[in-house]
Amino acid sequence: MKNPQINLNPLLFNPSGERDCKLEEHGITMLIDTGNGLALFDDLLQLAGQYVDFIKLGFGTTVLYSKELLEKKLQLAKKANVKLYPGGTLFEIALHKGVVKEYFDFLQNVGFDYIEISEGTIDLPFRRRQMMIKEAVANGFTVISECGKKEEGSSCEVKDLERMLYSDLECGASYVIVEGRESGENVGIYNNKGNIDIDFLEEVKETIPNDMRRFLIWEAPQKKQQIGLIHFWGRNVNMGNIQCKDAFSLECLRRGLRFDTFSE
Ligand SMILES: O=C(O)[C@H](CS(=O)(=O)O)OP(=O)(O)O
């Protein structure tokens, strides 16, 4: 007996393996790569590249690669239409050491187009932050900025997030990340068990209009945080610091192809 023809389209089957919606209609997915080798990186892009927008080379790992390897990673990412950029910590180290210009030159020399401007570890006065974003833009970078501190127990006020979001975009940033670290615990919007401060999200919803909120990327390394953010904001919420191994499962969560978001 012949196999019956099954029409998989109602199951969101995607024969082309490409995202089936326009850029502005899907949620940004940013992965954190803490040191994957080339073969793993290539594999990841082949498997899930179509569901990934950004890959951040975590913390200062960028400078541990040989130039050749870094250039190969950049080439692979570009081919897969994924933007690769170094973690904000590396910018903070450059600023702390007074070598921002050299940092810009290094990134340009290797071929990075994107840069993160953050202040998770250092003090960065507001005017200086604005200047840094403008300088990075003037040097030809697309800037992703970040709001929040890394210190355990640190949280962010909605009014600070709102101020930074408006100001950073005005200065030329393309997105503003909300700090959640690689752990997602005891930092930003997460308590020491990794649970989301829903009151914070409610306040954001009340204070910041939707057309501005879409420029926020929420760091959400844990599955329950990804589910919580999808439940709260919808499947197209922008999320970052997703572990590379979770890229595919996050896309399932977004599409309701998993128990936890079945009815989204
Ligand atoms: O990659 C970085 O520099 C850090 C990683 S973590 O928050 O310290 O885990 O993130 P970033 O958001 O880029 O500051």
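Residues numbered from 1 in each chain as written. Predicted model: local features only at pLDDT ≥ 70, side-chain atom pairs only at ≥ 80, totals over all residues. Heavy atoms only, no water.

Visitor: Describe the overall build of the protein, listing the residues and the values that go with them.
Guide: Across its full length, the protein holds 10 helices and eight strands. Relative to a compact globule of 264 residues, whose C-alpha radius of gyration would be 18 Å, the protein shows 19 Å and is just as compact. With respect to the principal axes defined by its C-alpha atoms, the protein has extents near 75 × 45 × 30 Å. Split into buried and exposed, the 264 residues of the protein put 50% on the buried side. Pairs at least 24 residues apart make up 74% of the contacts formed inside the protein by residues separated by at least 6 positions. For the protein, the exposed area adds up to about 13,400 Å²; of that, 51% sits on carbon and sulfur atoms. Each charge class in the protein can be summarised by its mean position, and for the 32 positive and 40 negative side chains these summaries are 3 Å apart. (Helix = DSSP H or I, 4+ residues; strand = E, 2+ residues; numbered from the N terminus. Rg over C-alpha atoms; globule rule 2.2 N^0.38 Å. Buried < 20%, exposed > 50% of the residue type's maximum accessible area, 1.4 Å probe, protein only. Contact = heavy atoms within 4.5 Å. Areas by Shrake-Rupley, 256 points an atom, 1.4 Å probe, with all protein chains shown as cover. Lys, Arg positive; Asp, Glu negative; His and termini not counted. Charge placed at Lys NZ, Arg CZ, Asp CG, Glu CD.)

Visitor: Give me the site of the ligand: which residues, what numbers.
Guide: For the ligand, the set of nearby residues contains 13 residues, the closest of which are F59, T89, E146, K150 and E219. In the model, an oxygen atom of the ligand is placed 3.0 Å from a nitrogen or oxygen of the R181 side chain. Grouping the amino acids of the shell around the ligand by side-chain chemistry returns one nonpolar, four polar and eight charged. (Near = heavy atom within 4 Å. Polar contact = N/O pair within 3.5 Å; in protein donor to acceptor, adjacent residues only side chain to side chain. Nonpolar A, V, L, I, M, F, W, Y, C, P; charged D, E, K, R; others polar.)

Visitor: Help me get a handle on the sheet that holds strand β2 (residues 54–57), residues and values and all.
Guide: Taken in spatial order, the eight strands make up an open sheet running β3-β2-β1-β8-β7-β6-β5-β4, and their pairing is parallel. In this open sheet, the two strands that pair with only one neighbour each are β3 (83–86) and β4 (114–117). Put simply, the sheet's adjacent strands are angled 30 degrees from each other on average, direction ignored. Alignment of strand β6 (residues 173–178) against strand β7 (residues 216–219), held across three bridges, turns out to be parallel. Note that in β7 the partner of V176 across the bridge is L216. Strands β1 (29–33), β2 and β3 of the sheet are contacted by helix α1 (residues 38–48), whose axis makes an angle of about 160 degrees with β2. (Pairing = 2+ DSSP bridges. Axes fitted to C-alpha atoms, helices over the stretch in contact; angles between N-to-C directions.)

Visitor: How would you explain the nonpolar core if you had to name every residue and give the values?
Guide: Of all hydrophobic cores here, the largest spans 68 residues; its most connected members are I55, F200, W218 and L229. By residue number, the principal contributor to this core is helix α6 (residues 158–171), which donates six residues. With sequence-adjacent residues up to four places away left out, F200 is seen in contact with C156, E157, V158, L161, I189 and W218. If you look at the next biggest cluster of nonpolar residues, it comprises nine residues, including M30, Y114, I144 and Y175. (Core = buried A, V, L, I, M, F, W, Y, C linked by side-chain atoms within 4.5 Å.)

Visitor: Before we move on, can you summarise the packing of helix α2 (residues 67–79) against helix α4 (residues 100–110) with the specific residues and values?
Guide: Two elements in contact, α2 and α4, have axes whose closest approach is 10 Å; the angle formed by their N-to-C orientations is 65 degrees. Compared by their axis directions, α2 and α4 come out roughly perpendicular. Where α2 abuts α4, its residues K67, L70, E71 and L74 lie against F106, N109 and V110. (Parallel < 35°, antiparallel > 145°, perpendicular 65-115°, else oblique.)

Visitor: For the packing of aromatic side chains, give the residues involved together with the corresponding values.
Guide: All chains considered together, the criterion is met by eight aromatic pairs. Taking the centre distance of 6.1 Å and the plane angle of 80 degrees together, the rings of F54 and Y85 count as edge-to-face. Note that F54 is positioned in strand β2 and Y85 in strand β3, a separation of 31 residues in sequence. When its relative accessible area of 5% is taken as the criterion, F54 is described as buried. Plain terms: the ring middles of F54 and Y175 are 6.1 Å apart, the flat faces sit at 75 degrees to each other, and that makes the pair edge-to-face. Here F54, found in strand β2, pairs with Y175, found in strand β6; they are 121 residues apart in sequence, far enough to count as distant. Assigned by exposure class, F54 and Y175 land together as buried. Put simply, the rings of F54, Y85, Y114, Y175 and F215 pair up and form one aromatic cluster. The ring of F41 has K73 lying over it, and the distance from NZ or CZ to the ring centre is 4.7 Å. For the cation-ring pair, R163 lies above F126, with the distance from its terminal atom to the ring centre recorded as 3.7 Å. (Phe/Tyr/Trp six-rings, centres within 6.5 Å; stacked < 30°, edge-to-face > 60°. Lys NZ or Arg CZ within 6 Å of the ring centre and 35° of its normal.)

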